[in-house]
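As a plain string of letters, each chain reads:
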Amino acid sequence: MTEHHPPPPSPAGRLRALLPDLSPWHSSPDFRRMWIAGLVTVFGSFLTFVAVPLQLKELTGSTLAVGAVGAVELVPLIVFGLYGGALADALDRRKLILWTEAGLGVLSGMLLLNTLLPHPMVWPLYVVAALVSALTGLQRPALQAIVPRIVPHEQLPAAIALNSMRWQVGAIAGPSLAGVVITFAGLPWAYFLDALSFALSLVLALGLAPSPASHDAEKPSLRGILDGARYAWSRKELLGTYAVDMAAMFFAYPTAIFPFLADDLDARWALGLMYSAGAVGSLVVSLTSGWVSRIHRHGRLVVLAAAGWGAAMAVAGWLHNVWLVLLFLAVAGGCDTVSGLFRSAIWDQTIPDELRGRLAGIELLSYSVGPQLGQVRAGGMAALTSVRTSVWSGGLACVASVGLLAVSLPKLMSYDQRTDPHAVRMRQRKAAEAVSEAA
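Residues numbered from 1 in each chain as written. Predicted model: local features only at pLDDT ≥ 70, side-chain atom pairs only at ≥ 80, totals over all residues. Heavy atoms only, no water.

## Quick look at the nonpolar core
- Formed by 112 residues in total, the largest nonpolar core has its most connected members in M274, W309 and L359.
- With 12 residues, the top contributor of residues to this core is helix 14 (residues 322–350).
- Leaving out residues up to four positions away in the same chain, L359 has contacts with G228, Y231, A232, L238, Y242 and I351.
- Formed by 5 residues, the second largest nonpolar core is a distinct cluster that contains L74, L77, L364 and V369. (Core = buried A, V, L, I, M, F, W, Y, C linked by side-chain atoms within 4.5 Å. Buried < 20%, exposed > 50% of the residue type's maximum accessible area, 1.4 Å probe, protein only. Helix = DSSP H or I, 4+ residues; strand = E, 2+ residues; numbered from the N terminus. Contact = heavy atoms within 4.5 Å.)

## Thoughts on the pattern of salt bridges
- Applying the stated rule across the entire model yields 10 salt bridges.
- We note a salt bridge from D30 to R33, for which the minimum N-O separation is 3.1 Å. Within this pair, D30 and its partner R33 are both found in helix 3 (residues 29–60), separated by 3 residues, close to a single helical turn.
- Among the salt bridges present, the one from D416 reaches R418, with a minimum N-O distance of 2.7 Å.
- For D416, a relative accessible area of 7% gives the class buried.
- Taking the relative accessible area as the measure of exposure, R418 reaches 44% and is therefore partly exposed.
- Residues joined by salt bridges that share partners form a network here, namely K57, D263 and R268. (Salt bridge = Lys/Arg side-chain N within 4 Å of Asp/Glu carboxyl O.)

## A look at the packing of helix 10 (residues 236–251) against helix 14
- Packing of helix 10 against helix 14 brings their axes to within 10 Å, and their N-to-C directions diverge by 155 degrees. As far as their axial angle goes, helix 14 and helix 10 are roughly antiparallel. In this structure, the crossing between helix 10 and helix 14 has a hand that is left-handed. Contact residues: helix 10 offers L238, T241, Y242, D245 and M249, while helix 14 offers D336, R343, I346, W347 and T350. (Axes fitted to C-alpha atoms, helices over the stretch in contact; angles between N-to-C directions. Parallel < 35°, antiparallel > 145°, perpendicular 65-115°, else oblique. Left-handed = near helix turned anticlockwise from the far one by under 90°.)

Listed below in structure tokens is the structure:
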């Protein structure tokens, strides 16, 4: 008997297999609404992301003062991130998102008012940075925890990739435009556009369906937060994702000193491009993310991509040609996105809904505390040595630390979403819910 094999895919078929999976966009109106609102917000937020360190540089001329922004953001992020996770499990997640979005818009307006003063003050920049960090800590767990409720289980990797692409579009356009706006119109316009973006996204988010807590949800409490922490501790593959990301960001997140790196390269015109280069690499990954759903050993990709992030940053610190620096910053951004996609896939496909908010609060710490501390490290190291040394030494330390974590956490390296008992249990649970809703 002749064995028949399917014909090889055509070039068009191979291209379609690489393109982003749009199924969450088509199947969930709430996902579409959140995606658009998030795009507007992230676009404006990156304007401020460039404006604040640049304004601090102009007011103080100190790398340490710029890096200190990460220090003032750290404690509010830890405290309110954990509490925000508990709130996301106990309250209507939609309402929590709306109120915090409104508060973030008000804080952007405060930055605008300070900049319009005849002599802008330094301390409001730190105060607002701390308050933004607090509100972000309250909001992010709800934003992350609501996605598995509005997107089918099997479409979660695709939804993660689409959300990543949304961030990257804003990250490319925001910093690039910020450089133009600040140069030709001034800092006030950057803050004004950020405040406007929060207002627009708030209007869009008003259309989200309610997302109330389960009927047996506990009130927010320290005990509830500790229950979430105990669950995370019991899952060594989860701990691995947190630890790898924190190590990568702590050692190899030099964005706070980009204004000084641009000066060192005699390319101040490239500052906006430096901030957006990583997002360009990330966007390339997201635009070709059709392969993501076919990968099952997520933990290995988390580790390999995080090590790639550090190696690319190290090379960027050694180079003297600004275009090559931008190229390797883009490579680093692509590696970070690959790591982030598979971290999120492990989280969203294995964590029970009743714990998702609290675990999202812990996840927020893993992917936010690292960058905050990384800014402090980068600024302090640059002050002690040089800007370039701060960049390349951090990249090498990232590679070394990620390698040690991979050896120390074998469950992360062996994770397979096809056989992991937590992932299997979540698939069965979602299937049962779908049957119940159909009935």
